[in-house]
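Coordinates in review
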Amino acid sequence: MIRVLKFGGSSVATPESIRKVKAIVEQSADNKFIVVSALGGITDQLVKASAMAAAGEDDFKKELNEIEQRHLSAAKSLVKPQQQGHVLSELKVMLNELEDYLQSIARLRELTPKLQDYVLSFGERMSAFLLSETIADAVLIDSRSIIKTDSTFGKATVDFAKTNELCKASLSDVKGRAVLPGFIASDKNGATTTLGRGGSDYTAAILAAAIGASFVEIWTDVDGFMTADPRKVEKAYTIKRLSYSEVFELSNFGAKVIYPPTVHPLLSADIAMLIKNTFNPAADGTLVDAHADTSTDQAIKGISSIDDIALLTLHGVGMTGVSGTSKRLFSALAEAKVNVILISQASSEQSITFAIAPEHVEPARQTIEREFEAEIRHKTIGLRVEDKMSIIAIVGENMKRMPGISGKLFNALGKNGVNVVAIAQGSSELNISTVVHKLNLRKALNVIHEAFFLSGYREVHLYIAGIGTVGGNLVQQIRQQREDLMKNHRLKINVVGVMNSKKMLFDVQGINLDDVRGELERKGTTLSLNSFVQHIASVNLRNSIFVDCTASGEVADIYGIALQSFVSVITANKIACSSDYARYRQLQDLSRIRGVKFLYETNVGAGLPVIKTINELMLSGDRIVKLEAVLSGTLNFIFNTISEEITMSQAIKMAQEKGYSEPDPRVDLSGIDVLRKILILSRECGYPLEKTDVEVSKFLPDSCFDTPTMDMFFGEVQKLDADFEARRKALYKAGKRWRFVASLDNGKAKVSLQEVDVAHPFFNLQGSDNIITLHTERYSAQPMVIKGAGAGAAVTAAGVFGDIIRVANI
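A few words now on the sheet that holds strand E25 (residues 694–696). Pairing within the open sheet is mixed, and its 6 strands lie in the order E25-E27-E26-E24-E28-E29. The two strands at the open ends of the sheet, each matched to only one other strand, are E25 and strand E29 (784–789). Each neighbouring strand pair of the sheet contributes to a mean axis angle of 25°, computed without reference to strand direction. Two elements, strand E26 (residues 736–745) and strand E27 (residues 748–757), share 10 bridges in a ladder whose sense is antiparallel. When the bridges of E27 are listed, Arg739 appears paired with Gln754. Against the sheet, helix H21 (residues 610–619) touches strand E24 (624–630), strand E28 (769–776) and E29, its axis set at about 10° to E28. Its contacts with the sheet place helix H28 (residues 721–733) against E26 and E27, and it is angled at close to 90° to E26.

Another aspect to go through is the sheet that holds strand E2 (residues 31–36). Across a sheet, paired strands are connected by hydrogen bonds in the backbone, their directions being either parallel or antiparallel. Read from one edge to the other, the open sheet built from 8 strands follows the order E3-E4-E2-E1-E7-E9-E10-E8, with strand pairing classed as mixed. For this open sheet the edge positions go to strand E3 (138–140) and strand E8 (241–243), each flanked by a neighbour on one side alone. The mean angle between the axes of side-by-side strands here comes to 20°, regardless of whether they run parallel or antiparallel. Inspection of the sheet shows E3 paired to strand E4 (residues 177–181) by 3 bridges, in the parallel sense. By the bridge assignment for E4, Leu140 is matched with Val179. Sitting on the sheet, helix H8 (residues 244–252) touches E8, strand E9 (272–277) and strand E10 (286–289), and the angle it makes with E8 is about 85°.

What follows is about the confidence of the model for the protein chain. Low-confidence regions, as indicated by low pLDDT, have predicted coordinates that should not be scrutinised in detail. Looking at the protein chain, the pLDDT average stands at 93 and 99% of residues meet or exceed 70. For the protein chain, H8 is the element with the lowest average pLDDT, namely 89, and strand E22 (residues 568–571) is the one with the highest, namely 98.

On to the packing of helix H23 (residues 648–657) against helix H27 (residues 710–718), then. Relative to each other, H23 and H27 sit at 145°, their axes nearing to 8 Å. On H27, the residues that touch Met648, Ser649, Ile652, Lys653 and Gln656 of H23 are Met710, Phe713, Phe714, Val717 and Gln718. Its residues placed into classes, the contact of H23 with H27 shows 6 nonpolar, 3 polar and 1 charged.

This part takes up the layout of surface pockets. Put simply, the second largest pocket is a space of about 1,000 Å³. Taken together, 44 residues line the second largest pocket, and the ones lying closest to its centre are Thr469, Val470, Thr550, Ala551 and Glu662. Taken together, the elements giving at least two residues each to the lining of the second largest pocket come down to helix H15 (469–489), helix H18 (553–556), helix H22 (633–641), helix H24 (666–669), helix H25 (672–684) and helix H29 (793–808). By residue class, the composition of the lining of the second largest pocket is 16 nonpolar, 20 polar and 8 charged.

Moving on, we get to empty space enclosed by the protein. Within the structure shown, the criterion is met by 1 cavity of 30 Å³ or more. The space that makes up the largest cavity amounts to roughly 30 Å³. Every residue lining the largest cavity is listed: Lys443, Ile536, Ala537, Asn540, Leu541, Ser544, Ser565, Phe566 and Val567. Of the residues that constitute the lining of the largest cavity, the class distribution is 5 nonpolar, 3 polar and 1 charged.

Turning our eyes to something else, we now look at H28. For H28, which comprises 13 residues, the first-to-last C-alpha distance of 18 Å matches the rise-based estimate of 18 Å (1.5 Å per residue) to within 8%. Regarding H28, the residues found buried are Asp721, Phe724, Glu725, Arg728 and Leu731. Along the long axis of H28, the arc covered by the buried residues comes to 125°, so they all point the same way. Seen from the open side of H28, the exposed residues pointing more than 90 degrees away from its buried face are Ala722 and Lys733. Positive backbone phi, at 75°, marks Gly735, one or two positions downstream of H28.

Here we take up helix H17 (residues 529–539). Owing to its 3.6 residues per turn, the α-helix aligns residues three or four sequence positions apart on the same side. All of the buried residues in H17 are Leu529, Phe532, Val533 and Ile536. Buried residues in H17, looked at end-on, bunch into an arc of 85°, giving them a common side. In H17, those exposed residues whose orientation departs by more than 90 degrees from the buried face are Gln534 and Ser538. Contacts made by the buried residues of H17 are with strand E17 (458–465), strand E18 (491–499), strand E19 (503–506), strand E21 (544–548), H18 and helix H19 (559–564).

With that out of the way, let us pick up unusual backbone geometry. Although it is not a glycine, Lys388 sits at a positive phi angle of roughly 55°. Looking at the secondary structure, you find Lys388 in strand E14 (residues 382–395). With a phi close to 50°, Asn543 is a non-glycine residue in the positive phi region. Turning to its location among the elements, Asn543 is positioned in the loop between H17 and E21.

Attention now moves to the environment of Ala451. Looking at the element boundaries, Ala451 is found in helix H14 (residues 441–453). In sequence terms Ala451 and Asn411 are 40 residues apart; their C-alpha atoms lie 9.3 Å from each other. Excluding anything up to four places from it in sequence, Ala451 contacts Lys408 and Ala412.

Counting across every chain of the model gives 46 salt bridges. Taking the shortest distance from any N to any O, the salt bridge between Glu26 and Lys22 comes out at 2.7 Å. Of this pair, Glu26 and Lys22 are both found in helix H1 (residues 15–26), 4 residues apart, which corresponds to roughly one turn of the helix. Glu26 gets classed as partly exposed once you look at its relative accessible area, which sits at 27%. Each of Lys235, Glu450, Arg458, Glu459, Lys492 and Arg542 takes part in a single network of salt bridges with overlapping partners.

With 77 residues, the main nonpolar core has Phe546, Leu627, Ile638, Met648, Leu669 and Phe699 as its most contacted residues. A per-element tally of this core places H25 first, with 6 residues. Apart from the residues within four sequence positions on either side, Leu669 is in contact with Leu635, Ile638, Ile652, Phe699, Leu700, Phe705 and Phe713.

Attention now goes to the environment of Asp515. Mapping Asp515 onto the fold places it in the loop between E19 and helix H16 (516–523). Residues Asp515 and Gln476, spaced 39 residues apart in sequence, show a C-alpha to C-alpha distance of 9.7 Å. Within the local environment of Asp515, its side chain forms a polar contact with the backbone nitrogen of Gly518, the two atoms lying 3.1 Å apart.

Relative placement of two packed helices is described by the angle separating their axes and the distance separating the axes. Two elements in contact, H1 and helix H3 (residues 60–78), have axes whose closest approach is 10 Å; the angle formed by their N-to-C orientations is 50°. Considering the angle they form, H1 stands oblique to H3. Relative to H3, the crossing made by H1 is right-handed. Across the interface between the two elements, Pro15, Ile18 and Arg19 from H1 touch Ala74, Ser77 and Leu78 from H3. Split by residue class, the contact of H1 with H3 holds 4 nonpolar, 1 polar and 1 charged.

Rules used in this analysis
- Residues numbered from 1 in each chain as written.
- Predicted model: local features only at pLDDT ≥ 70, side-chain atom pairs only at ≥ 80, totals over all residues.
- Heavy atoms only, no water.
- Pairing = 2+ DSSP bridges.
- Helix = DSSP H or I, 4+ residues; strand = E, 2+ residues; numbered from the N terminus.
- Axes fitted to C-alpha atoms, helices over the stretch in contact; angles between N-to-C directions.
- Contact = heavy atoms within 4.5 Å.
- pLDDT = per-residue confidence, 0-100.
- Nonpolar A, V, L, I, M, F, W, Y, C, P; charged D, E, K, R; others polar.
- 1 Å grid on protein atoms, 1.4 Å probe; cavity = no way out; pocket = protein on both sides within 12 Å on 5 of 7 lines; lining within 4 Å.
- Points joined across faces, edges and corners; volume = space filled by probe spheres on them.
- Expected span 1.5 Å × (residues − 1).
- Buried < 20%, exposed > 50% of the residue type's maximum accessible area, 1.4 Å probe, protein only.
- Arc of directions from axis to C-beta.
- Salt bridge = Lys/Arg side-chain N within 4 Å of Asp/Glu carboxyl O.
- Core = buried A, V, L, I, M, F, W, Y, C linked by side-chain atoms within 4.5 Å.
- Polar contact = N/O pair within 3.5 Å; in protein donor to acceptor, adjacent residues only side chain to side chain.
- Parallel < 35°, antiparallel > 145°, perpendicular 65-115°, else oblique.
- Left-handed = near helix turned anticlockwise from the far one by under 90°.

Structure below.
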């Protein structure tokens, strides 16, 4: 069995990594051809040194010295002392020759492509020599003697007929291990050529096809082809098997694991390729062959991207029905040596859009303006250039037999606010390519990866405003439940931003929930609400949710900006939904247009499913005829607490101390809080009411609310304690109780203190509980009743948590 192994620059970057290569090669005795790249980073240094020399800069000597020291140091570390003299001598010969060429370039101030290729060849030649002296029983073969190309220096075209002939003649008698430099070849005159950056992969494929190798191993610094670039998508994982068609598409659109031309010789010879990790040889790697993997239902095998491209669009009425426009365009681009990466054409024939590398924009613009000079002058054709774009390609041979792939792709992007600028798909259904703005690239890659590879694993990112009583309880509940959500529901919740009234803190990796307040105090910066919401938009994380646990009108004012940025909003703050109806409607419409959620279940009834129930009744065609409710847990607690032993003023103080009331209990006692709640419910029932439409009857006189301090307020209430006690006794004797009731009857809303008897469903309402009765067209004989805890930080936080789960869609 003949194997061809290729080791990239990262695999031979240091003496330690070269020892790993040695161990891999020597673990079996079968015939091996070992193709090696230059030591990691050396090719870049050679490019830099030659450019400096051509510019007359003496600093090229510094680069040369670093190159020399790396090779000599590696040789001293790897080669046995008795052999070092020979190895160091040979390396010095090559390094001296390299210095002579760089000196010549410096004198002539000229660097031709031919000369550049020869300078770059030293990297692979020295690396191959060093490896051949390190590996036991290895011989060195110069690739230039067996791989022949044309004279296109920089990226030469292989003469396969001549190469195959030379390889068979020269390599058929090789036994054991042979080391060859990758990347380099020679033309018919013997001049050194190169196969393009990344060409060592290509060298291995050329050799394997020529000698009929059993398979090729590409050893690199990753475990194989990944489902996406792990530097951009943390959840990317290794793909076990790919077809050559899939590999070619992934490599062509940015995957850097192998050099794209590598595919052709192996595919033609039907030789399999295994991609392995030098630093983790036990990993299975990725097997690549000519056949699609039909053993899996996975439609998409991988996602790749080209980070930076420009998008050019030739457009205008002068293109419609005119034959030859495409030919003129692409012939002109070819003549200017502009490579086209992607093409998208409108069926109306009024535009052709294509993607190119940013450095090709000016040559492309100039050649197009020359070719279409007359049409541009008469304004029948124009050219539009858009920069800072990226291409994302989803690739998989199984796409052709699975409907709905495009829909899934564009739905995932749309839901997360990623605009698709251009689309391209071939009839082979192997690749769907989309162009997005570069600033959305990372988000788009993660969204797509989650949609296709992690459909059972969803991650949401929370930005929490307010970490006091409700917000603090929410953080605690998330911390306690996070492991269960991940294990049993495949939901990961990341709190990536928090704020209080003074500071804000962000961490895209997730804030430590064990000590959120401490983290905010130690690491937080001065709060700016505009900066907070702008940060959310600029970081652009997928599945982002803004959670408002404050009672601040200023915080409520930024909901629109968040929704506009495709960020869902969850709020326990009633201000936005109880403000002007036009504003309430605007937020509803904006969330619908942007395809994100605006949820506020805890605005009414804390954690009780009141708004959700009303929404579902309305959506199913029912109509709310009448609604009666006790919506203030604070007031219900007060009226359940006053007794012969506990006065009204004492009951209010207890509600304040237990955290049932607002810090200023006058907000609850005035009925404003209940007014807001019945106003929200009225709007959810389909009635466009304003605050002024709600009739409010206070049970305390205005003198209580006009007091400037809390002590004075309690002093005013104490004056009323005796009167309330007398009225309470009379009420008790009559078998009745006080309830502060909000009602909606055919569009008329009111709030008042009412007396209810034992037959009323509100009579036995305990503690701080809330109760809502819904009389609908379907629930006419017997109302629907929703009852439970309606106050308290823990239940309110639980309601907010429930809304988060609803947004996460588990």
